[in-house]
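# A structural walkthrough
Residues per chain are reported as follows:
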Amino acid sequence: MKNNLFLSGFWTRIWALLIDSVILGILGFILGFTFENIFISMGESAKFIGWIISLAYFSILNSKINNGQTLGKKFMKIQVTDIEGKTIDLKTSFIRTLILTTPFFLNGFKIPGSDAFSVINIVQSIIIFTSGLGIIVFYIFNKETRQSLHDILMKTYVVRDHRNTSVTMMPPLKKLPFYITGGLLSLIIITSVYNFNSNSEIKELIPVYEKISQQDHVLRTTLSMNYFPPDNKKPVYTISIRTDQKQEFNGNMENDPVVKEAVETFISSNVYKTDQSILNVLIGSGFDIGIARKYYSYNVIKPIYQWREILKK
C-alpha cells in the first residue's frame, strides 16, 4: 500500500524501549521500596502490578492521546501509526500492548491449583515462551517493515514523527520470520517431550516437589538433580524455595522450620541414591512486579547423613 512514512530504524526503536524501561523501572523501584513486604507476600501475583502499570503506560501514550509516543519514543522522535500515518485509538493501542507484554509478564506463571507438570501447564509454557521468542524474532528478521507480532496483528507501524515528501509502497512481509519462529516452536516441543520422557530420575522427584510446594509459607519451589563433578556421577540435589516472608540470614538457616520440613520431606521420599548424596537447600524471598525485582537468598549444603542429624535435634 502507498504511504509517505519513514520506518523507524532498528536501534532507534531499541533505545526508545530502553528509555521507557528505565522510567518504568524507577517507578517500580519506588513502589518496591514502599510496599516490599506486601509484594513479597503476593508471590507470583505481584507481577500483575507491573503488568497493569505497563499496560496503562504503553496503551495510553502509544495512542492518539499522546500522538503515538511514549516518553522514549518522543525522545527518539518516533511514533506508532497505522499504514496511513494516523495515530491509533486507545482500544487498538491497548490490544497491541496486551499482545506485546503478555509473554513477558506471564512467562513462568503456573495456573493456580494445577500441577506444574500437567499437560495444560506445559502447553501454556510452550505457547507463552514461543510467543516471546516470536516477538523478538520478527523484530530482528523482519527488516522490510520492522513490524513485530503485535504490530502485524494490529496493522501498526513504528515510524519517524516526520513524513516523506514522496509517496512510496510499503514492502511486503517476508516469510523468513515465520519459518524461524515455527522452527523454534518445533524444537521446543521436541526437546520438552524428549527431556520429560527420557529422564526417569526427574520423574521420581515430581511427588517430592508437589509436597514441598504445599508447605506453609512456600510460594514457589524447584527441585533438580545434577552430578558433581559431571564425570564422577556423584548426585547433588537442589531444593530452591521462595517463601512469602522476608528472609534474613542468621547463620543458622538449616534450623529454619521451612528448610527442615522440606529436607524431611525429601529424605522420607528415599529418592536419593545414598546417604553420601549431597542436598543443597536454597531458601529466599523477594518480589518481582515485572518492572522491578528484589531477592534475598541463602543456601545450606550438606550430605544427607548430616541433614539426618540436624532433623534429630
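Computed from a predicted structure; not experimentally measured.

Reading guide: rules and limits
- Residues numbered from 1 in each chain as written.
- Predicted model: local features only at pLDDT ≥ 70, side-chain atom pairs only at ≥ 80, totals over all residues.
- Heavy atoms only, no water.
- Axes fitted to C-alpha atoms, helices over the stretch in contact; angles between N-to-C directions.
- Helix = DSSP H or I, 4+ residues; strand = E, 2+ residues; numbered from the N terminus.
- Left-handed = near helix turned anticlockwise from the far one by under 90°.
- Contact = heavy atoms within 4.5 Å.
- Core = buried A, V, L, I, M, F, W, Y, C linked by side-chain atoms within 4.5 Å.
- Buried < 20%, exposed > 50% of the residue type's maximum accessible area, 1.4 Å probe, protein only.
- pLDDT = per-residue confidence, 0-100.
- Pairing = 2+ DSSP bridges.
- Polar contact = N/O pair within 3.5 Å; in protein donor to acceptor, adjacent residues only side chain to side chain.
- Phe/Tyr/Trp six-rings, centres within 6.5 Å; stacked < 30°, edge-to-face > 60°.
- Lys NZ or Arg CZ within 6 Å of the ring centre and 35° of its normal.

### As for the packing of helix H3 (residues 47–61) against helix H5 (residues 90–105)
Packing of H3 against H5 leaves a shortest axis separation of 8 Å and a crossing angle of 145°. Crossing angle aside, the handedness with which H3 passes H5 is right-handed. Judged by residue contacts, Lys-47, Gly-50, Trp-51, Ser-54, Leu-55, Phe-58, Ser-59 and Ile-60 of H3 engage Leu-90, Ser-93, Phe-94, Thr-97, Leu-98, Thr-101, Thr-102, Phe-104 and Phe-105 from H5.

### Quick notes on the nonpolar core
Core analysis: the largest hydrophobic core is formed by 26 residues, its most contacted members being Phe-266, Leu-279 and Trp-307. Looking at this core, the elements that each hand over two or more residues are helix H9 (200–213), strand E5 (218–227), strand E6 (235–243), helix H10 (257–269), strand E7 (278–288) and helix H11 (304–312). The biggest single contributor to this core is H10, with six residues. With sequence-adjacent residues up to four places away left out, Leu-279 is seen in contact with Tyr-237, Ile-239, Val-263, Phe-266, Val-300, Ile-301, Lys-302, Ile-304 and Trp-307. Residues Phe-39, Leu-61, Ile-128 and Ile-291 belong to the second largest nonpolar core, which totals 18 residues.

### Observations regarding the confidence of the model for the protein chain
Here the protein chain averages 88 in pLDDT, and 91% of its residues register 70 or above. Per-element confidence in the protein chain ranges from a low mean pLDDT of 64 for strand E1 (residues 2–3) to a high of 97 for H3.

### Some details on the sheet that holds E7
In space, the four strands of this open sheet follow the order E5-E6-E7-E8, with mixed pairing throughout. Two strands close off the open sheet at either side, each with one partner strand: E5 and strand E8 (293–303). In this sheet, neighbouring strand axes are inclined to one another by 15° on average, regardless of whether the strands run parallel or antiparallel. Sheet topology note: the E6/E7 ladder contains seven bridges and is parallel.

### Brief notes about the environment of Asp-20
Take Asp-20: it is sitting in helix H1 (residues 10–34). When its relative accessible area of 1% is taken as the criterion, Asp-20 is described as buried. Contact partners of Asp-20, with chain neighbours within four places excluded, come to Tyr-57, Phe-58, Thr-70, Leu-71, Gly-72 and Lys-73. There is a polar contact of 2.6 Å between the side chain of Asp-20 and the side chain of Tyr-57.

### Let's talk about the packing of aromatic side chains
Applying the stated criterion to the full structure yields ten aromatic pairs. Summarising the aromatic geometry, the rings of Phe-10 and Tyr-139 are spaced 4.9 Å apart at their centres and angled 20° between planes, so their arrangement reads as stacked. Separated by 129 residues along the polypeptide, Phe-10 in helix H1 and Tyr-139 in helix H6 (residues 119–141) bring together distant segments of the chain. Considering the side-chain rings of Trp-51 and Phe-105, the 6.1 Å spacing of their centres and the 5° angle between planes classify their relative orientation as stacked. Separated by 54 residues along the polypeptide, Trp-51 in helix H3 and Phe-105 in helix H5 bring together distant segments of the chain. Joined through ring pairs, the aromatic side chains of Phe-10, Trp-11 and Tyr-139 make up one cluster. Here Arg-146 stacks its cationic end above the ring of Tyr-139, 5.9 Å away from the centre of that ring.

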